[in-house]
Amino acid sequence: MFGSSKMKSDSQSLSNGAPKPSVLFKTAVRIRSKAHSNATEGVPWIWVCAGALVTILLLIAGMFGIIIAQGISALWPKSVIQLQHDSQTVVGMSMRTEDSENTETGQPESKVLVYQANRDFGMNEFAFVPAAKIGTSDKPAQIWFAERAEWGPFIGRIVSPESAGAADLNAGQVKDLIGSAAVRYKEIKALEKGPLADLNTDIEELRLKKRATERHLELGELSAAEASAKISAIENQLSDLQTKHASVSEKVQTLRAADEAVKATLIAPNGQTKTLPASQLLNAYLPNQLSVPEKIGIFMSRLWSFVSDEPREANTEGGVFPALFGTVAMTLFMTMAVLPVGVMSAVYMREIAQQGTLVSLLRIAVNNLAGVPSIVYGIFGVGFFCYTVGVSVDQLFFQDKLPNPTFGTGGILWASLTLSLLTVPVVIVSTEEALSAVPRSLREASYGCGATRMQTLWNIVLPKAVPGVMTGLILAMARAVGEVAPLLMTGVVKLAPALPVDGHFPFFHLERSFMHLGFHIYDLGFQSRSTELSRPMVFASTSLLVGVVLLLNFVAIKIRSQLRKRFEGRGAF
Amino acid sequence: MLNPNDLPAPFSHPEILTGPAQISIQNFNLWYGKAQALHNINLPVLQHAITSFIGPSGCGKSTLLRSINRLNDLIDNISVTGDIKIGERSVYERHLDVTSLRKRIGMVFQKSNPFPMSIYENVCYPLRISGISQRNILDEAVETSLRSAALWDEVKDRLKRSALDLSGGQQQRLCIARAIAGNPEVLLMDEPCSALDPISTAKIEELIAEMRGRFTVVIVTHSMSQASRVSDQTAFFYLGRLIEAGPTKRLFESPHTKATQDYISGRFG
């Protein structure tokens, strides 16, 4: 009753003396300003904070966007254009348009940068074509883009050497040519990496044995008769192996000769021709005849060879597999080194040591250690690990190889240890935090059951702290993967002859130098023959490095959340 | 209100039930740094009976409880004088192995604190740390303890599941099972029901009542009704002093001091 009467009076007032629109508007304004002053106090601050966050997010998204887009476009098969200007013909891939000033007239003009490839055909790899002077532009269908083992890519016609210039090979023929060459290449590689490499290792081992025997003779540990008997036995074995080696090498030579007999002739757009073994062509396609699925297929196969192949042409072509492998292996070795040391130090500082001034000072020192520039660690690493520890190790265990250093120079072990020094403060700090976050009630429960300090630590405190330790490890790994400066001195190289892990005993060759994606990017970007040429590889490698960091972090975070689940309920043991 | 200066002289001859004393607290003083938290406590605790400590917050009852199994050792800057004896042996004896002392004393805390492990591992933890790993002994101890804590039927099908998945009341009963798994002589309970709902509280009180005759139970509680329901002997503490101790029924019905009278009638605290 009350409500209805009130509603009635309201509706009456509306129909009888309806307020003018301007009054309504003013009321609305008043309500809004009142609300502003009370409920939404501090709105500008909220906007400033949100703005700061959005700016950061945009910057990060932009950075990843540019890197990944450029990385993808480096591997994406581009079409080949043919431009006519000033009675000249330029054939190649349009890379980008640059605005500049004409040096003679001072007028602004834009130029198209065209990648012509064909370095060995007397052509410039890159040509600038003034955009204004381009007459016609078309995409010739019958033009090949081929990646080669040497001299970089080729753009032009592929013909058979017998009928030079007469008729182009069709797509199927080129495919057969490259496919059969790949089979022969595989056969040769299998011999070289299998029996031949094994024989080389065995021969090297015998050579070292012989040297050791000679050394023992000089030191008087062996009599002349014993030594000569030993040496002659070794030499017998050695000559046996060398005969085997020679026969395998001969086989390889025969295969190579057979391989080189199959040839193809390339005709560049400028008319120059070159006949070369078909196995020099690694892959070839007609870029202007590709459908989108075919392009995706080529992109995928190039992506695969990028991550799985070894680099060619001073790293500007081919893949980055050794660098990828080196990065991951070094990070894992670093993790194995840093985890036990960091956790044990933190446990000592937080759980065992008497808390006092000394421990506080120690804690400050550890925190400061995290801020020391990485190059300082590099210098320390090379001075301490390589030239002090490594040299001593060589003198004790690898005397026969001297003067060639084994551990007395940069290697993946020393690089990993240097990086673990660099990241150990992060692990210590986060482990300490995790330990101090373990509830007092759990420790009391354990002590109340009659557990000793060590039993409590081992059964209750450490398991509970594991997720926190993992956080520290993730941070440490993220920092270590991206660090380049300390590696420059402690074992990273532009091109490593062998991986640090392989099938030869003892499988882990921690003394070997290695390749690293971070250094690879620096080397490509700033140390290569042509920055323009290595640009796509720089972006592709950078995308890969970002990918590796994200992947490692993702895996670690997954493990951590599994552990968290375990220690916070909702899970079986 | 009570003024500390008006308090009677430290209680020296508490009236107790007849029977052998399991724990005897003698002239016990405790300091946190320079602040004295317990003043000259003298109290015998009866064997196989239930003794409750009551008193307002900060009166030292929990501190005294934690002195019995020397859990206060974990706190820096504690000093004590006087003595606490369990049976014939002093817990503050020089060269005493504190861990073996604590193995003879089970403890249940205010907030349930199961370990982040399976239910099974939680209960057999006291046995494991004593180095027992024979499956049949552990299985038996787990079942017996869980049955004593009235939890067996609820968890027997999920002994391998995390203890943290249990409800609050179940977790507290699990902690009781853990406390008695090592077959201790004494069971200390520090406000075991303060974080529980009335139904869980009733279940735990029932359990405590069943402990009578098996363990010497000391329970700290804020709830006077709980003290009067479950305990045989009650001790009232105020400002670090033992004001009055005696058979529960007598203490609640005819307290000897005004302070006790005021506290149990809810006039302060």
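Residues numbered from 1 in each chain as written. Chains lettered and ligands numbered in written order. Predicted model: local features only at pLDDT ≥ 70, side-chain atom pairs only at ≥ 80, totals over all residues. Heavy atoms only, no water.

Asker: I tried to follow the pattern of salt bridges on my own but got confused; where do I start?
Answerer: Pairing of side chains with opposite charge becomes possible as their charged atoms draw close. All chains considered together, the criterion is met by 34 salt bridges over all chains. For the salt bridge of E532 of chain A with R96 of chain A, the shortest nitrogen-to-oxygen distance reads 3.0 Å. With E532 of chain A in helix α15 (residues 531-567) and R96 of chain A in strand β2 (residues 88-101), the pair connects residues that are 436 residues apart, well separated along the chain. Where D165 of chain B meets R161 of chain B, a salt bridge forms, and the shortest distance between an N and an O atom there is 3.9 Å. On the basis of relative accessible area, R161 of chain B is assigned to the partly exposed category, the value being 37%. (Salt bridge = Lys/Arg side-chain N within 4 Å of Asp/Glu carboxyl O. Helix = DSSP H or I, 4+ residues; strand = E, 2+ residues; numbered from the N terminus. Buried < 20%, exposed > 50% of the residue type's maximum accessible area, 1.4 Å probe, protein only.)

Asker: Just checking my understanding: could you explain the nonpolar core for this structure?
Answerer: Generally speaking, soluble globular proteins have nonpolar side chains that are buried together. All names here are of chain A. Judged by nonpolar contacts, the single largest core of 52 residues is most densely connected at F306 and L517. Taken together, the elements giving at least two residues each to this core come down to α3 (43-75), α6 (292-308), α7 (321-352), α10 (412-436), α12 (453-482), α14 (517-527) and α15. Among the elements that make up this core, the one with the highest residue count is α15 (11 residues). Setting aside residues up to four positions removed in sequence, F306 forms contacts with L75, G318, G319, V320, F321, M537, A540, S541 and L544. (Core = buried A, V, L, I, M, F, W, Y, C linked by side-chain atoms within 4.5 Å. Contact = heavy atoms within 4.5 Å.)

Asker: What is the right way to look at the pairing of strand β3 (residues 50-54) of chain B in this model?
Answerer: The side chains of a regular strand alternate, residue by residue, between the two faces of the sheet. Residues and elements named next belong to chain B. Counting buried positions over the 5 residues of β3 gives 5, a clear majority of the element. Burial along β3 is two-sided: the residues I50, S52 and I54 and T51 and F53 are all buried. In this sheet, strand β8 (residues 216-220) lies alongside β3 in parallel orientation, the contact comprising 4 bridges. By the bridge assignment, F53 is partnered in β8 with V220. Taken together, the 4 bridges between β3 and strand β9 (residues 233-238) define a ladder with parallel strand orientation. Bridge assignment links S52 to a residue of β9, and that residue is T234. (Pairing = 2+ DSSP bridges.)

Asker: I would appreciate a short explanation of the sheet that holds strand β1 (residues 81-85) of chain A in the present structure.
Answerer: What links the strands of a sheet is backbone hydrogen bonding, and the strands pair in either a parallel or an antiparallel sense. Overall, antiparallel pairing links the 5 strands, which are arranged β4-β3-β2-β1-β5 (chain A) in an open sheet. Both edges of this open sheet fall to β4 (126-130) and β5 (137-138) of chain A, since each of them pairs with a single strand only.

Asker: Would you take a moment to explain the layout of surface pockets for this structure?
Answerer: Gaps between atoms show up when a probe of the same size as a water molecule is rolled over them. Within this model, the second largest pocket holds a volume of roughly 650 Å³. Lining the second largest pocket are 18 residues; nearest its centre among them are R350, E351, R443 and R453 of chain A together with L74 of chain B. Contributing elements (two or more residues each) for the lining of the second largest pocket: α7, α11 (440-448) and α12 of chain A. Of the residues belonging to the lining of the second largest pocket, the class tally is 7 nonpolar, 3 polar and 8 charged. (1 Å grid on protein atoms, 1.4 Å probe; cavity = no way out; pocket = protein on both sides within 12 Å on 5 of 7 lines; lining within 4 Å. Points joined across faces, edges and corners; volume = space filled by probe spheres on them. Nonpolar A, V, L, I, M, F, W, Y, C, P; charged D, E, K, R; others polar.)

Asker: In this structure, what is going on with the packing of aromatic side chains? I would like to understand it.
Answerer: Given two aromatic rings, their pairing is described by the distance between the two centres and the angle made by the two planes. All told, the structure shown has 18 aromatic pairs over all chains when counted by the stated rule. Plain terms: the ring middles of F321 of chain A and F325 of chain A are 5.8 Å apart, the flat faces sit at 45 degrees to each other, and that makes the pair tilted. Of this pair, F321 of chain A and F325 of chain A both sit in helix α7, 4 residues apart, which is roughly one turn of the helix. Judged by relative accessible area, F325 of chain A falls into the partly exposed class, the value being 25%. When the ring of F333 of chain A is compared with that of F508 of chain A, the centres are 6.1 Å apart and the planes differ by 70 degrees; the resulting orientation is edge-to-face. Linking F333 of chain A in helix α7 with F508 of chain A in the loop between α13 (485-490) and α14, this pair joins segments that are 175 residues apart in sequence. Using a relative accessible area of 14% as the deciding quantity, one classes F333 of chain A as buried. What links up through ring pairs into an aromatic cluster is the set F380, F384, F385, F398, F407 and W414 of chain A. Directly above the ring of F128 of chain A sits K111 of chain A, whose terminal nitrogen or CZ lies 5.6 Å from the centroid. Residue placement shows R178 of chain B over the ring face of F115 of chain B; its charged tip is 4.3 Å from the ring centre. (Phe/Tyr/Trp six-rings, centres within 6.5 Å; stacked < 30°, edge-to-face > 60°. Lys NZ or Arg CZ within 6 Å of the ring centre and 35° of its normal.)

Asker: Got a minute to help me understand the environment of W152 of chain B in this structure?
Answerer: Residues and elements named next belong to chain B. Locating W152 in the fold gives a position in helix α5 (residues 152-155). What makes W152 buried here is its relative accessible area of 11%. Sequence separation of W152 and I25 is 127 residues, and the distance between their C-alpha atoms is 36 Å. When residues no more than four places from it in sequence are discounted, the contact partners of W152 are E143, L146, R147 and L159.

Asker: For this particular structure, what's the right way to read the interface of chain A and chain B?
Answerer: Accessible area lost upon the coming together of the parts serves often as the stated size of an interface. In this assembly, 25 residues from chain A lie in contact with 24 residues from chain B. With both sides pooled, the region where chain A packs onto chain B buries about 2100 Å², and carbon together with sulfur makes up 62% of that total. Counting across the interface, chain A meets chain B through 1 salt bridge. Between E444 of chain A and R66 of chain B there is a salt bridge; the shortest N-O distance is 2.4 Å. (Buried area = accessible area lost by both parts, 1.4 Å probe.)

Asker: What am I meant to see in unusual backbone geometry here?
Answerer: With the exception of glycine, most residues fall at negative phi, and the peptide bonds are largely trans. Residue and element names in this part refer to chain B. The backbone of H48 shows a phi angle near 55 degrees, a positive value even though the residue is not glycine. Although it is not a glycine, N183 adopts a positive phi angle of roughly 55 degrees. By the element assignment, N183 lies in the loop between α6 (168-181) and β7 (186-190). Taking the relative accessible area as the measure of exposure, N183 reaches 63% and is therefore exposed.

Asker: I'm lost on the sheet that holds strand β9 (residues 273-277) of chain A in this one. Help?
Answerer: Residue and element names in this part refer to chain A. Spatial ordering of the open sheet is given by β9-β8-β7-β6-β10, a layout of 5 strands whose pairing is antiparallel. The open sheet is flanked by β9 and β10 (281-285), the only strands paired with a single partner. Neighbouring strand axes in the sheet, compared pairwise and without regard to direction, differ in orientation by 45 degrees on average. The pairing of strand β6 (residues 144-148) with strand β7 (residues 154-159) spans 3 bridges and is classified as antiparallel. Residue pairing in the sheet places F145 in a bridge with I155 of β7. In this fold helix α4 (residues 171-219) packs onto β6, β7, β8 (263-267) and β10, with an angle of close to 160 degrees to the strand it touches most, β10. (Axes fitted to C-alpha atoms, helices over the stretch in contact; angles between N-to-C directions.)

Asker: Would you explain the state of the cysteines in this entry?
Answerer: Here a disulfide denotes a covalent bond joining the sulfur atom of one cysteine to the sulfur atom of another. All names here are of chain B. Under the criterion given, the structure shown has 0 disulfides over all chains. The thiol of C193 is unpaired, and the distance to the nearest cysteine sulfur, on C175, comes to 12 Å. The exposure class assigned to C193 is buried, which follows from its relative accessible area of 8%. (Disulfide = S-S within 2.5 Å.)

Note that all results are geometric; they support no functional claim without further evidence.
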